[in-house]
Amino acid sequence: MIRVAVNGYGTIGKRVADAVAAQKDMKIVGVSKTRPNAEAFVAKQRGYPLFIADMSKKAAFEKAGLIVAGSVEDMCRLADVVVDATPGKIGATNKSLYEKLGVRAVWQGGEEHELAGFSFNSSCNYKDAIGKKFARVVSCNTTGLCRIINAIDKEYDVEHVHAIMIRRGGDPSDIKRGPIDAIVLDPVTVPSHHGPDVQTVLPHISITTMALIVPTTMMHMHAVKITTKKELSHEKVVDLINRHPRMGLIKKSLGIKSTAELKEYAMDLGRQRSDVIENCIFEESIYVNKNELCFFQGIHQEADVVVENVDVIRAMMGTEKDGEKSIKTTNDALGFSTIQHTH
Ligand code: NAD
């Protein structure tokens, strides 16, 4: 059993904890919170030992009826791997603790690549993660881009990618984020950071990205254009997406053309937290003309990186050397199969 601690039990951390707990080869030794809130009660309900970042807050947790198992340091001592899902840039401040304790650590996309020195995506560079002490699972947008770009690149040699990210303003529970009534260029300058971030996983890919933020919490939407060195086949591109364990096809028969309908469908399917783990590529949007490919894909920011965190743990521990097998193990344990199998 691989012993996993989740430092930062928030949007990503609570999902990673459940995904880890569902695996036969892993167990959760603890999760951490900074203050006693609803998520802390969810951890209690799930039976995850609760550790806290600041021991001076112990009385406040206990007063709320939450048992404190110890400090974050105590938690990390129990673990083989710590998944750090604290807010962006906070994770970096924990590195010295992980180094001191000699524990493996996985950071999220809110941290810089240089912090871990290695950025991860299960479908692209699983083998490179084997035995690593530190890794960073790239952000939700980068994960979605890496999956599809790598698949197309392996088959057709990517010449250049141009992607526009229409991003959600905040997560559904983020009451302080916006915009409420604006389309915000974020950043105004081109390229956005997403292209260079893709290159932390796929350094040879030529890519330009642009990004803007809109008033929605559901998902991101990408408009992607890829040019290739080899001539593309529409049928084969559809087949390649269809066979990928983490890429979904939204077919015409579903009648879905928005993120809102996608999330509703995931909810109706009974998926936990209505999570959409896979890239949702709209089949009708797939346009192929010789060496040019265009499509739209929806990316659920809270969900797509979760399964990648599970795989990177296995790779770092060296208990599974084959990326495809790990992806299958992770997906199966979650009862997850891609969305095209539902319609
Ligand atoms: P979040 O704010 O929802 O959760 C962070 C959790 O960490 C909270 O529970 C908070 O109480 C806790 N925390 C804060 N400081 C802490 C500390 N010093 N020690 C321990 N716990 C602490 O954040 P999130 O959205 O889950 O983001 C976490 C990371 O995942 C960031 O790097 C972010 O960029 C990345 N990420 C987020 C999303 C997303 O859409 N939310 C998607 C992909 C990647």
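Preceding this section is the structure that the text describes.
Residues numbered from 1 in each chain as written. Predicted model: local features only at pLDDT ≥ 70, side-chain atom pairs only at ≥ 80, totals over all residues. Heavy atoms only, no water.

1. Overview of the packing of aromatic side chains
Counted according to the given criterion, the structure contains 5 aromatic pairs. Taken together, a centroid distance of 6.3 Å and an interplanar angle of 75° make the contact between Tyr9 and Tyr48 edge-to-face. In this pair, Tyr9 is assigned in the loop between strand S1 (2-7) and helix H1 (11-21) and Tyr48 in the loop between helix H2 (38-46) and strand S3 (50-52), connecting sequence segments 39 residues apart. We note that Tyr9, like Tyr48, is buried. Between the aromatic rings of Phe118 and Phe120, the centroid separation amounts to 6.4 Å while the plane-to-plane angle is 55°, which identifies the pairing as tilted. What links up through ring pairs into an aromatic cluster is the set Tyr98, Trp107 and Phe134. Above the face of the Phe118 ring, Lys132 is positioned so that its terminal group lies 5.0 Å from the ring centre. (Phe/Tyr/Trp six-rings, centres within 6.5 Å; stacked < 30°, edge-to-face > 60°. Helix = DSSP H or I, 4+ residues; strand = E, 2+ residues; numbered from the N terminus. Buried < 20%, exposed > 50% of the residue type's maximum accessible area, 1.4 Å probe, protein only. Lys NZ or Arg CZ within 6 Å of the ring centre and 35° of its normal.)

2. With respect to the site of the ligand
Around the ligand, the structure places 22 residues, and the nearest of them are Thr11, Ile12, Lys33, Thr34 and Asp171. A distance of 2.8 Å separates an oxygen atom of the ligand from a polar atom in the side chain of Thr34. For the ligand, an oxygen atom lies 2.9 Å from a polar atom in the side chain of Arg168. For the ligand, whose unbound accessible area comes to 820 Å², protein coverage reaches 80%. Elements that contribute at least two residues to the shell around the ligand include exactly H1 and strand S2 (26-33). In terms of residue class, the shell around the ligand is built from 7 nonpolar, 11 polar and 4 charged. (Near = heavy atom within 4 Å. Polar contact = N/O pair within 3.5 Å; in protein donor to acceptor, adjacent residues only side chain to side chain. Areas by Shrake-Rupley, 256 points an atom, 1.4 Å probe, with all protein chains shown as cover. Nonpolar A, V, L, I, M, F, W, Y, C, P; charged D, E, K, R; others polar.)

3. What about the pattern of salt bridges?
Within the structure shown, the criterion is met by 24 salt bridges. Put simply, Asp18 and Arg273 hold a salt bridge, and the shortest N to O gap is 3.0 Å. In this pair, Asp18 sits in helix H1 while Arg273 sits in the loop between helix H11 (259-268) and strand S14 (279-282), placing the two residues 255 residues apart along the sequence. For Asp311, the salt bridge is made with Arg246, and the minimal N-O distance between the two is 2.7 Å. Here the residue Asp311 occupies a position in helix H12 (residues 304-317), and Arg246 occupies one in the loop between helix H10 (234-243) and strand S13 (247-250), the gap between them amounting to 65 residues. Accessibility classification places Asp311 together with Arg246 in one group, the buried group. Each of Asp25, Arg147, Arg246, Glu308, Asp311 and Arg314 takes part in salt bridges that share partners, so that together they form one network. (Salt bridge = Lys/Arg side-chain N within 4 Å of Asp/Glu carboxyl O.)

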